[in-house]
Amino acid sequence: MVAPVNTPPEHDIAMHVHPPAEPGWRHARLAPSLAEVYRTIPIGSASRWRKMLAFAGPGYLVAVGYMDPGNWATDLAGGAQFGYALLSVILMSNLMAVLLQGLSSKLGIVTGRDLAQACRDHYSKPVSFMLWILCELAIAACDLAEVIGTAIALNLLFGIPLAWGIGITAFDVLLVLYLQNKGFRLLEALVIVLVGTAGVCFALLIFMAKPPAAGVMFGFAPPKELLNNPAMLYIAMGILGATVMPHNLYLHSSIVQTRKYEQNASGKREAVRYAFIDSTIALSFALFINAAILIIAAATFHGTPHANIAEIGDAYKLLTPLLGAGASTMFALALLASGQNSTLTGTLAGQIVMEGFLNIRLRPWLRRLITRAIAIVPAAIVAIVYGESGTAQLLVFSQVILSMQLSFAVFPLVGFTSDKLKMGEFVNPLWLKLLAYLIAFVIASLNIWLLVQTLAGLAGGGG
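Reference entry: report on the structure contained in this document.

Quick notes on the rules
- Residues numbered from 1 in each chain as written.
- Predicted model: local features only at pLDDT ≥ 70, side-chain atom pairs only at ≥ 80, totals over all residues.
- Heavy atoms only, no water.
- Helix = DSSP H or I, 4+ residues; strand = E, 2+ residues; numbered from the N terminus.
- Buried < 20%, exposed > 50% of the residue type's maximum accessible area, 1.4 Å probe, protein only.
- Contact = heavy atoms within 4.5 Å.
- Areas by Shrake-Rupley, 256 points an atom, 1.4 Å probe, with all protein chains shown as cover.
- 1 Å grid on protein atoms, 1.4 Å probe; cavity = no way out; pocket = protein on both sides within 12 Å on 5 of 7 lines; lining within 4 Å.
- Points joined across faces, edges and corners; volume = space filled by probe spheres on them.
- Salt bridge = Lys/Arg side-chain N within 4 Å of Asp/Glu carboxyl O.
- Core = buried A, V, L, I, M, F, W, Y, C linked by side-chain atoms within 4.5 Å.
- Polar contact = N/O pair within 3.5 Å; in protein donor to acceptor, adjacent residues only side chain to side chain.

1. Remarks on the overall build of the chain
Part 1 of the argument: A tally of regular secondary structure across the chain gives 21 helices and 2 strands.
Part 2 of the argument: Evaluated residue by residue, the chain yields a buried proportion of 58% over its 463 residues.
Part 3 of the argument: Counting only contacts in the chain whose residues sit at least 6 apart along the sequence, the fraction spanning at least 24 positions is 83%.
Part 4 of the argument: With an accessible surface of roughly 18,800 Å², the chain has 71% of that area assigned to carbon and sulfur atoms.

2. Thoughts on empty space enclosed by the protein
Part 1 of the argument: Enumeration according to the criterion identifies 5 cavities of 30 Å³ or more in this entry.
Part 2 of the argument: The space that makes up the largest cavity amounts to roughly 60 Å³.
Part 3 of the argument: Around the largest cavity sit Tyr66, Asp75, Ile90, Ser93, Asn94, Ile239, Thr243, Ala286, Leu287 and Asn290, which together line it.
Part 4 of the argument: Secondary-structure elements contributing two or more residues to the lining of the largest cavity are α5 (87-111) and α14 (265-301).

3. Points about the pattern of salt bridges
Part 1 of the argument: Taken as a whole and assessed by the stated rule, the structure comprises 6 salt bridges.
Part 2 of the argument: The shortest N-O distance in the salt bridge between Glu270 and Lys51 comes to 2.8 Å. With Glu270 in helix α14 and Lys51 in helix α2 (residues 48-55), the pair connects residues that are 219 residues apart, well separated along the chain.
Part 3 of the argument: For Lys422, the salt bridge identified is with Asp419, shortest N-O distance 3.4 Å.
Part 4 of the argument: Residues joined in a network through salt bridges with shared partners are Arg185, Glu188 and Arg259.

4. A short note on the environment of Val256
Part 1 of the argument: Here Val256 is to be found in the loop between α13 (246-255) and β2 (259-260).
Part 2 of the argument: By relative accessible area, Val256 is classed as buried at 5%.
Part 3 of the argument: A C-alpha to C-alpha distance of 8.7 Å links Val256 and Ala271, two positions 15 residues apart in sequence.
Part 4 of the argument: Here Val256 is in contact with Pro58, Ser105, Gly108, Ile109, Tyr261 and Ala275, once residues within four sequence places are set aside.

5. Here we look at the environment of Leu318
Part 1 of the argument: Inspection of the secondary structure puts Leu318 in helix α15 (residues 312-323).
Part 2 of the argument: In the structure, Leu318 is positioned 17 residues away from Phe301 in sequence and 9.0 Å away in space, judged by C-alpha atoms.
Part 3 of the argument: Setting aside residues no more than four positions away along its own chain, Leu318 makes contact with Phe301, His306 and Ile309.

6. Quick word on the nonpolar core
Part 1 of the argument: Counting residues in hydrophobic clusters, the biggest one holds 136 residues, and the most contacted among them are Leu86, Leu100, Leu115, Phe202, Phe331 and Phe357.
Part 2 of the argument: At 18 residues, the largest contribution of residues to this core is made by α14.
Part 3 of the argument: If you look at the next biggest cluster of nonpolar residues, it comprises 6 residues, including Cys142, Met245, Ile401 and Leu402.

7. Looking at helix α6 (residues 115-122)
Part 1 of the argument: Most of α6 is tucked away: 6 of the 8 residues are buried.
Part 2 of the argument: Listed as buried for α6 are Leu115, Ala116, Gln117, Ala118, Cys119 and Asp121.
Part 3 of the argument: Contacts made by the buried residues of α6 are with α5, α7 (125-158), α13, α16 (327-358) and α19 (407-417).
Part 4 of the argument: The opening residue of α6, the one whose side-chain oxygen lies 3.0 Å from the backbone nitrogen of Ala116, is Asp114.

8. Description of unusual backbone geometry
Part 1 of the argument: Unlike most non-glycine residues, Arg39 shows phi in positive territory, near 50 degrees.
Part 2 of the argument: Tracing the sequence through the fold places Arg39 in the loop between α1 (11-14) and β1 (41-42).
Part 3 of the argument: According to the relative accessible area criterion, Arg39 is buried, its value standing at 8%.
Part 4 of the argument: Of note, Lys210 is a non-glycine position whose phi angle comes to about 50 degrees, a positive value.

9. Some remarks on the side chain of Ser88
Part 1 of the argument: Summarising the element assignment, Ser88 is placed in helix α5.
Part 2 of the argument: Here Ser88 falls in the buried class, since its relative accessible area comes to 6%.
Part 3 of the argument: Once you skip the residues sitting within four places of it in the chain, Ser88 turns out to touch Gly219, Phe220, Ala221, Pro222 and Pro223.

See the structure below:
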């Protein structure tokens, strides 16, 4: 079942598999994660625009985690209850994500290690093992939300029962294997097409909803009542706390290494710059989609008898009567694109985490089958036994698990990239180090608060 560790048939990789330990690290560099696609995309000495296009791709695989079905409920509730006021929170969340994903790509490019490998190399075996368990739980929880979201979309579009829809999502394992064997660029292209599909659907929905431009613009300014309104603060923290997905940090630090950049200071500096541009542009699409969900909910439901709407299925049923023919279909199609996109990237993250923390190379089909089963089996059981109401509770539970794990990825990432022994000349400058730690503490505080409030609500029967 366990295949031997194989590195790509590339001459320069063989020189890096078992070198002496580098400064700041305890062990020699491990074999690269996703070895089958490591340094397979050439960069060359083309113009800046062509280099930018060569580096474009990984950011979009990361961005899908910021627009997955797990974020839709908070965006819907925020817009329906408080209009455009929480657009500022979505913007703030996105800016935090840009910084953290930039640090993630820099770690992978400069050190040649993904975040999981860096943790395994830096921490003791018991600590690394616990970090691995926490990360697997987070990936399973995130995958759970994505599987349920895809199943809900299939149910809304085609009437497929939730249990069958959950089973259909298992086929993405085969799709990822096929596309990866055909080249990583093809997988990236599919993800970009799905992101574009969701973006077009929401652009059309915004056109149909006709939100007031002034209201939208003022929504990007923090509202004065945010700290005085407990209900608004709760939803705001839900948006902010659930935006940065922990598995995205592991994923990004690995897939940036699919590019064959020069292994010297100037080559790495260039790669860091273009990777940051790629992820920033991609996360701007995520910002648009998250903001669009809230804007549509605000324009359609705020100030109406439906202002307390939070369920995806309920929003779907109401959009066509309120906005016109085709609105509900576009909403469900965008949900399907977002959910399927997220399951594709979730399978890659699962492989990266297992290989990085444990240095175990299971056969790709087996690793992805295990990852999918961890998410599908509980989702299918709940869907069969409890129906759609049970899946809603499962979505809440998955976000609680994510909030518990996030800081265990963010703090190591900030620590590694702020360590001069590990990063050399690429170490975070003081201003960036302070800003990154501030963001890490803010995210940790908000997630702890969200966790306590959610558990309190569940215990009191309000979840």
